[in-house]
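So you can see what is in the structure, the chains are spelled out below.
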Amino acid sequence: MSTTLANTIFTQPLASAAELESKYPLRSLPEGAAVTRFAPSPTGFMHIGNVLGAFVDRLLADQTDGVLYLRLEDTDKKREVADGAAAILSGLNALEISLDEGVDGGAYAPYTQSQRREIYHAFAKQLVEDGLAYPCFCTSEQLEHMRDEQDTAGVNKGYYGQWAKCRCMPEAEQLRRLQAGESYTLRLRSPGDAARKIIVQDMIRGKLELPEYDMDVVLLKADGIPTYHFAHVVDDHLMRTSHVVRGDEWLATLPLHVQLFGLLRFKPPKYAHIAPLMKIDSETGGKRKLSKRKDPEAAVSFFTAQGYPAAALREYLLTLLNSNFEEWRRANPTEDLAKFPFSLKKMSSSGALFDLQKLDDVSKTVISRMTAEEVYAQALAWASEYDAELAALLARDADFATAMFAIDRGGKKPRKDIARWSQVREAYAYFYDCFHENLYSSSGAGWGYGYSDGSGDGSGNDWLKILKNYSEVYSAKDDKETWFEKIKSICEPLGFCSDVKSYKAEPDKWKGHVGDVSSVIRMMVTGRENSPDLWAVMQVLGEDEVLRRLKG
Ligand code: GLU
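Reading the values: rules and limits
Once a new chain begins, its residue numbering starts again from 1 and follows that chain's sequence as written. Where local features are concerned, this predicted model is filtered to residues with pLDDT of at least 70; where side-chain atom pairs are given and counted, the filter is 80 or more; whole-chain, interface and lining totals use all residues. For side-chain calculations, the full set of non-hydrogen atoms in the structure is used, while hydrogens and water are omitted. Each residue is assigned to one of three classes by its accessible area relative to the maximum for its type, calculated with a 1.4 Å probe on protein chains only: buried under 20%, partly exposed between the two thresholds, exposed over 50%. Numbering of helices and strands runs from the N terminus, with a helix taken as a DSSP run of H or I at least four residues long and a strand as a DSSP run of E at least two residues long. Any two strands between which DSSP finds at least two bridges are classified as paired. Here a crossover is taken to be right-handed if, once the strands point away from the viewer, the path from the first strand over the helix to the second is traced clockwise. Any cysteine sulfur atom paired with another within 2.5 Å is treated as part of a disulfide. One heavy atom suffices: a residue is near a molecule or strand as soon as one of its heavy atoms comes within 4 Å of it. Identification of polar contacts relies on pairs of N or O atoms within 3.5 Å, with a donor-acceptor requirement for protein atoms, meaning one able to donate a hydrogen and the other able to accept it, and with residues adjacent in sequence counted only if both atoms are side-chain atoms. All accessible areas in this document rest on Shrake-Rupley with a 1.4 Å probe, and a residue is counted as covered only by the protein chains that are shown. The way it works is a 1 Å grid over only the protein atoms, where trapped points that fit a 1.4 Å probe form a cavity and open points with protein on both sides within 12 Å along at least five of seven lines form a pocket, and then any residue with an atom within 4 Å of a point lines it. Each molecule is assigned to a cavity or pocket provided more than half of its atoms lie within 2 Å of the corresponding grid points. Classes in brief: Ala, Val, Leu, Ile, Met, Phe, Trp, Tyr, Cys and Pro nonpolar; Asp, Glu, Lys and Arg charged; the others, Gly included, polar. We call two residues in contact when some of their heavy atoms are within 4.5 Å. To obtain each axis, a line is fitted to C-alpha atoms, and for helices this fit is confined to the stretch in contact; angles are then taken between N-to-C directions over 0 to 180 degrees. When a carboxyl oxygen of Asp or Glu is within 4 Å of a side-chain nitrogen of Lys or Arg, the pair counts as a salt bridge. Grid points are joined across faces, edges and corners, and a volume is the space filled by probe spheres set on the points. Between 65 and 115 degrees an angle is taken as roughly perpendicular, under 35 as roughly parallel, over 145 as roughly antiparallel, and anywhere else as oblique. For any helix crossing, the convention is left-handed if the near helix is rotated counterclockwise from the far helix by under a right angle, and right-handed if that rotation is clockwise. Here the nonpolar core consists of buried residues drawn from Ala, Val, Leu, Ile, Met, Phe, Trp, Tyr and Cys, with membership extended through side-chain atoms lying within 4.5 Å. Paired rings are identified among Phe, Tyr and Trp, the last through its six-membered ring, by centres lying within 6.5 Å, and are further divided according to the angle between planes into stacked (under 30 degrees), edge-to-face (over 60) and tilted (the rest). Like charges within 9 Å and nonpolar side chains (Val, Leu, Ile, Met, Phe, Trp, Tyr) within 5 Å are joined into patches, using only residues over 30% in relative accessible area that form no salt bridge. Counting rule for charge: Lys and Arg are taken as positive, Asp and Glu as negative, and neither His nor the chain ends is counted. The atom standing in for a charge is NZ when the residue is Lys, CZ when it is Arg, CG when it is Asp and CD when it is Glu.

Draft legend 1. Representation of the pairing of strand 1 (residues 35–38) in the model. Judged by which residues are buried, strand 1 turns out to be covered on both faces: Val-35 and Arg-37 on one side and Thr-36 and Phe-38 on the other are all buried. The pairing of strand 1 with strand 2 (residues 67–70) spans four bridges and is parallel. The partner of Val-35 across the bridge, within strand 2, is Val-67. Remark: the strand 1/helix 3 (residues 48–64)/strand 2 crossover connection has right-handed handedness.

Draft legend 2. Quick look at the state of the cysteines. By the definition in use, this model includes zero disulfides. Between Cys-138, a free cysteine, and Cys-166, which holds the nearest cysteine sulfur, the sulfur-to-sulfur gap is 3.8 Å. You can call Cys-138 buried: its relative accessible area is 18%. Residue classification places Cys-166 among the buried positions, given a relative accessible area of 5%.

Draft legend 3. The arrangement of the site of the ligand in detail. In the neighbourhood of the ligand, the contacting residues comprise Arg-37, Ala-39, Pro-40, Ser-41, Glu-73, Tyr-228, Arg-246 and Trp-250. Separating an oxygen atom of the ligand from a side-chain N or O atom of Arg-37 is a distance of 2.7 Å. Ala-39 places a main-chain nitrogen or oxygen 2.8 Å from a nitrogen atom of the ligand. If the ligand stood free it would expose 300 Å²; the protein chains cover 82% of that surface. Structurally, the ligand is housed in the largest pocket. Considered class by class, the residues forming the shell around the ligand number four nonpolar, one polar and three charged.

Draft legend 4. Helix 7 (residues 171–179), seen in detail. Gln-174, Leu-175, Arg-177 and Leu-178 are the residues of helix 7 that are buried. Close packing links the buried residues of helix 7 with helix 1 (3–9) and strand 3 (133–136). A positive phi of about 80° marks Gly-181, the residue just after helix 7.

Draft legend 5. The arrangement of the sheet that holds strand 7 (residues 218–220) in detail. Pairing within the open sheet is antiparallel, and its three strands lie in the order 3-4-7. Every interior strand has two partners, whereas the edge strands, strand 3 and strand 7, have only one. Averaged over all neighbouring strand pairs, the angle between strand axes comes to 45°, with direction disregarded. In terms of strand pairing, strand 4 (residues 185–188) meets strand 7 through two bridges, oriented antiparallel.

Draft legend 6. Inspection of the pattern of salt bridges at higher detail. With the rule as written, the count across this model stands at 39 salt bridges. Between Lys-77 and Asp-74 there is a salt bridge; the shortest N-O distance is 3.5 Å. By relative accessible area, which is 44% here, Lys-77 ends up partly exposed. On the basis of relative accessibility, which here comes to 5%, the residue Asp-74 falls in the buried class. Ionic contacts of the salt-bridge type, sharing partners, join the residues Arg-37, Arg-71, Glu-73, Arg-116, Asp-235 and Asp-236 into one network.

Draft legend 7. Summary view of the layout of surface pockets. Here the largest pocket defines a volume of roughly 1300 Å³. Lining of the largest pocket is provided by 41 residues; of these, Ser-41, Asn-50, Arg-79, Glu-249 and Trp-250 occupy positions nearest its centre. When residues of the lining of the largest pocket are traced back to their parent elements, those giving at least two are strand 1, helix 3, helix 8 (228–238) and strand 8 (243–247). Counted by class, the lining of the largest pocket contains 16 nonpolar, 11 polar and 14 charged residues. Computed from the structure, the second largest pocket encloses a volume of approximately 610 Å³. What lines the second largest pocket is a set of 19 residues, and nearest its centre among them are Leu-26, Arg-240, Thr-241, Ser-242 and Lys-267. Taken together, the residues that form the lining of the second largest pocket break down as eight nonpolar, five polar and six charged.

Draft legend 8. Inspection of the packing of helix 11 (residues 310–321) against helix 13 (residues 356–368) at higher detail. Between helix 11 and helix 13, the shortest axis-to-axis distance is 9 Å and the interhelical angle comes to 130°. Comparing the axis directions of helix 11 and helix 13 gives the class oblique. Along this stretch, helix 11 crosses helix 13, giving a crossing that reads as right-handed. Every residue of helix 13 that contacts helix 11 at Ala-311, Ala-312, Leu-313, Glu-315, Tyr-316 and Thr-319 is listed here: Lys-358, Leu-359, Val-362, Ser-363 and Val-366. A breakdown of the residues in the contact of helix 11 with helix 13 according to their chemical character gives seven nonpolar, two polar and two charged.

Draft legend 9. Inspection of the nonpolar core at higher detail. In terms of nonpolar packing, the biggest core is built from 102 residues, with Phe-342, Phe-354, Leu-394, Phe-405, Phe-431 and Ile-521 touching the most fellow members. No other element matches the nine residues that helix 3 contributes to this core. Ranked by size, the runner-up nonpolar core spans 61 residues in total, among them Tyr-120, Met-169, Met-215 and Leu-251.

Draft legend 10. Summary view of empty space enclosed by the protein. On inspection of all chains with the given rule, the structure shows three cavities of 30 Å³ or more. Estimated volume of the largest cavity: approximately 100 Å³. In this structure, the largest cavity is lined by Leu-52, Ile-274, Ala-275, Leu-277, Leu-320, Leu-321, Met-347, Ser-348, Ser-350, Gly-351 and Ala-352. Residue composition of the lining of the largest cavity, grouped by class: eight nonpolar, three polar and no charged.

Draft legend 11. Up close: the packing of aromatic side chains. As enumerated under the stated definition, the model contains 21 aromatic pairs in all. Aromatic pair Phe-137 and Tyr-184: ring centres 6.1 Å apart, planes at 55°, arrangement tilted. Placement of Phe-137 in the loop between strand 3 and helix 6 (140–153) and of Tyr-184 in the loop between helix 7 and strand 4 is noted, with a sequence separation of 47 residues between them. Classification of Phe-137 as buried rests on a relative accessible area of 4%. We classify Tyr-184 as partly exposed; its relative accessible area is 23%.

Draft legend 12. Quick peek at a negative patch on the surface. Taken together, Glu-141, Glu-144, Asp-148 and Glu-149 make up a surface patch of like negative charges. Residue position: Glu-144 is located in helix 6.

Draft legend 13. Highlighting the packing of helix 3 against helix 11. Relative to each other, helix 3 and helix 11 sit at 85°, their axes nearing to 11 Å. On the basis of their axis angle, the class for helix 3 and helix 11 is roughly perpendicular. Between helix 3, through Ile-48, Leu-52, Phe-55, Val-56 and Leu-59, and helix 11, the contact on the second element is made entirely by Arg-314, Leu-317, Leu-318 and Leu-321. Of the residues that constitute the contact of helix 3 with helix 11, the class distribution is eight nonpolar, no polar and one charged.

Now the structure itself:
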């Protein structure tokens, strides 16, 4: 017992470990309920891989009637930014990941590490009392020198064995230097031996055999703030976390964490180490990690700004998490995602390939299955933040915009025209005058445009005649069948065949066919060669606007 040393280091009154254990008791949850946590550092940057981890946390908690809480790991003040927490919440929001605790507090508060100093100190003090931690007075210059020497000697770098200068310092010297006010860190006195192995069961990777950790790592930095390792162990124990889902960069220090749990007499949680997301490098063609520096899609904010619906991101990420998801989706095309039997065991230990093209495909399907009202609400919410002009147009007439989104929606084969809300402007521009004019003039459409087979006199005379004759018969009251009959009715007087088959039998007899006539009308009304169901488009636009457009 090193009570004197402990009391010299920790002079302020601290709770005992037993008191903390009872203040943060075991959670009363159903048997098997997973307690998961999302523990980001508020650096202002949210990697899509981080949110992927939070998604896994949420899935585990939901499957078991468990809990997901947020813990802000703000112990690295150098990396912290002022609105870091806001970026985290907006990242979670991009996938609509809800939190049960940690934003507005909860029974295991505080959830921000910088507010938990006394808690870490209480357990650090216990370790000192147990002879398992000691003050290290080595300066950064001395540590640098040590690493240089280790380099030269070709041995592992770090504070261990013979290199751990302060490990065997007599207590009298420790006390003298502490009382003299020398700066120090608190280090673990590791009982580990790298020649021995430990076995850890990872929920994704299965049984891992790893060497014991033998480094005397820093537990408390010189300013009394804990390192990640120490804070992780204390927090996940006291917050009663059952499953730690985190990036596989922590595998290297997993033996240290397991050791710390043991030395503190805590039961370790279950671990799931996720491999990083990968992408195909456009230059080399090889696989590499999705990089914060090189790839805009590494940031969750990219997806928010592009306007990918949360449902589409969730759907796509599930295809990366469990390879059997797509098969399940084919068998259950409209089932709620929550019904999918997600499994950590089915996750791959090598990184999944992140493919924006595939995300777009998934997203198109997800959006195509939404109701027009949902599309309207989500597109408007996105535009309100990222495209004020579009937002104003959508908001100006909600019924009109909803009717526009309803075209080709709801049937067996709904139209898959948009993958993200940022595409709404382009896809639906022609419904709005101000956009339509621009589009019309830049689309290449106009007088002299030829027909599908290159026929037409090129002078625009046919166009004018088609539009004039059609304007005379068109009525918004016509149902779809009558509407088409009327288009057919103007064909033959102008030398166009009203039936495609007959045209194909004798193409030389005609200038073109009914499809060409419709194309002229389509082009004039929408400014483009392809559009959703033209009759429906004209219904939404209304008679006055259609006539105005037909007249040019
Ligand atoms: N704060 C750590 C990070 O952002 C969390 C790792 C963990 O989930 O334990 O990498």
